[in-house]
Amino acid sequence: MSTRRELLKSITIAAVAGGARQLRANPLGLPIGCQTYPVRKMIAKDFPGTVKVLIGAGFQNIELCSPWGYADSGFAPVGKYSGAELKKLLSDLGVRCFSSHFGMDELRKNMPARLDWAKDAGLTQMFVPSLDGPKNPTMDDVKRVSDEFNKMGEQTRKAGIQLGLHNEGFEVGKVDGQRTYDVLMKLLDPKLIKFQFQVSTIADGFDAAEYFTKYPGRFISMHVQGWSATDHKIVAVGEGTLDWKKIFSAAKTGGIQNYFVEMDLPLMQTSVPYLRQLQV
C-alpha cells in the first residue's frame, strides 16, 4: 500500500510540475500578457467578466488604458473603482496589472491624480501611446515635447513609477530627414524614460529586433502582433512572416521585462499556445 501511495504521490507531483511548466510562459520565461484595448467594447459592458475571458485564454498579466483618458473608448467603467479596489479585484480574479496607457493630454492636466491612482492600483509602468507632436514637426517641436516628457518622467520617478513611450503616430514620422523615433531616443533621458515597442510598426519599416539591438537597455516592454508581409495585415503570433525567435532574442538586449499581445480577441487567443511553446 505504501508503495502505491508513494507512486500516486509521485505522479501527482509530476502532474503539478508539468502544469506549472505549461503556465510559465515562454519565451524568456515571462508570463504572457495582453493589452486590453482590443476588448474595450467588452469592458464597457462587463469589466470583471472581460478579465475572466482573458484569464481563460491564458493571459496572466493585463495592461489597461486609463479610465479617464480612454473613457470614450470603453474604459469608463474601470474608473468606478478606486486604485486599491481595482488592485484587489484583479488580484481576487487571479491576474496581475502593473502597466497602463495614459493620454499625453491627461498627464499634462492631471498628473498628480493619475499618479495617486496608479500607485494605489499597484502600477509600476505608465506609458503614453504618443507624444502627440504635430504631423510635420520641426526639430524645435520634437525638442519641446521631449523636454516636457522628461519633466513628466521626473515626477513619475519620484512616485516610484516608470514612465515610458510607445511608438505610434507622431513617433513613426520624420523630422529633418531622420526618423522622429530615433531623434527621441537621443533627446529622452534614459534614466527617466523607457520605451514600449509596437511590433506592428513593421508596416512602417520599424523592425523590433533592429531597434532592440540598436538601443540596448532602452526598452522594457512591447506590444506583440503577428504580421504577414505577403498579405500586409496583422495575424496571430506564430503565423505570418515575423521571426519571433530573432525578435525575442533581441528583446533580451533591448531590456524587455514584459510584453502584451494586442490584437482582436480571436487572434490573441490563438497566439497563446504558440507563445507558450516558443523557446529562445
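Just above, that's the structure.
A quick note: this is a predicted structure, and the numbers were derived from the prediction, not measured.

S.K.: Honestly, the packing of aromatic side chains in this entry has me stumped. Any pointers?
M.R.: The geometry of an aromatic ring pair is captured by the separation of the ring centres together with the interplanar angle, meaning the angle of the planes. All told, the structure shown has 19 aromatic pairs when counted by the stated rule. Taking the centre distance of 5.2 Å and the plane angle of 70° together, the rings of F248 and Y259 count as edge-to-face. With a gap of 11 residues between them, F248 in helix α9 (residues 244-254) and Y259 in strand β12 (residues 258-261) connect regions that are remote in the sequence. There is no split in this pair, since F248 and Y259 are both buried. Feature note: the residues Y181, F195, F197, F206, Y211, F212, Y215 and F219 constitute an aromatic cluster, connected by ring pairs. Just above the ring of Y37 sits the side chain of R40; from NZ or CZ to the centre is 4.0 Å.

S.K.: In this structure, what is going on with the packing of helix α3 (residues 47-56) against helix α4 (residues 83-93)? I would like to understand it.
M.R.: For any two helices packed against each other, the geometry is given by the interaxial angle and the distance between the axes. Relative to each other, α3 and α4 sit at 40°, their axes nearing to 10 Å. By the angle between their directions, the pair α3 and α4 is classed as oblique. Taken as a pair, α3 and α4 cross one another with a handedness that is right-handed. Counting all contacts with α3, which are made through F47, P48, V51, K52 and I55, the residues of α4 involved are L86, L89, L90 and L93. Split by residue class, the contact of α3 with α4 holds 8 nonpolar, no polar and 1 charged.

S.K.: Even after reading the chapter, I still don't get the environment of G74, so can you show me in this structure?
M.R.: Following the sequence through the fold, G74 ends up in the loop between β2 (61-65) and α4. A C-alpha to C-alpha distance of 36 Å links G74 and V280, two positions 206 residues apart in sequence. Setting aside residues no more than four positions away along its own chain, G74 makes contact with R40, I43 and A44.

S.K.: I tried to follow the environment of P137 on my own but got confused; where do I start?
M.R.: For P137, the location among the structural elements is in the loop between β4 (125-128) and α6 (139-158). Taking the C-alpha atoms as reference, P137 lies 37 Å from L30; in sequence the two are 107 residues apart. Filtering out sequence-adjacent residues up to four positions away, P137 remains in contact with V142, F170, K174, V175 and T180.

Parameters and conventions
- Residues numbered from 1 in each chain as written.
- Predicted model: local features only at pLDDT ≥ 70, side-chain atom pairs only at ≥ 80, totals over all residues.
- Heavy atoms only, no water.
- Phe/Tyr/Trp six-rings, centres within 6.5 Å; stacked < 30°, edge-to-face > 60°.
- Helix = DSSP H or I, 4+ residues; strand = E, 2+ residues; numbered from the N terminus.
- Buried < 20%, exposed > 50% of the residue type's maximum accessible area, 1.4 Å probe, protein only.
- Lys NZ or Arg CZ within 6 Å of the ring centre and 35° of its normal.
- Axes fitted to C-alpha atoms, helices over the stretch in contact; angles between N-to-C directions.
- Parallel < 35°, antiparallel > 145°, perpendicular 65-115°, else oblique.
- Left-handed = near helix turned anticlockwise from the far one by under 90°.
- Contact = heavy atoms within 4.5 Å.
- Nonpolar A, V, L, I, M, F, W, Y, C, P; charged D, E, K, R; others polar.

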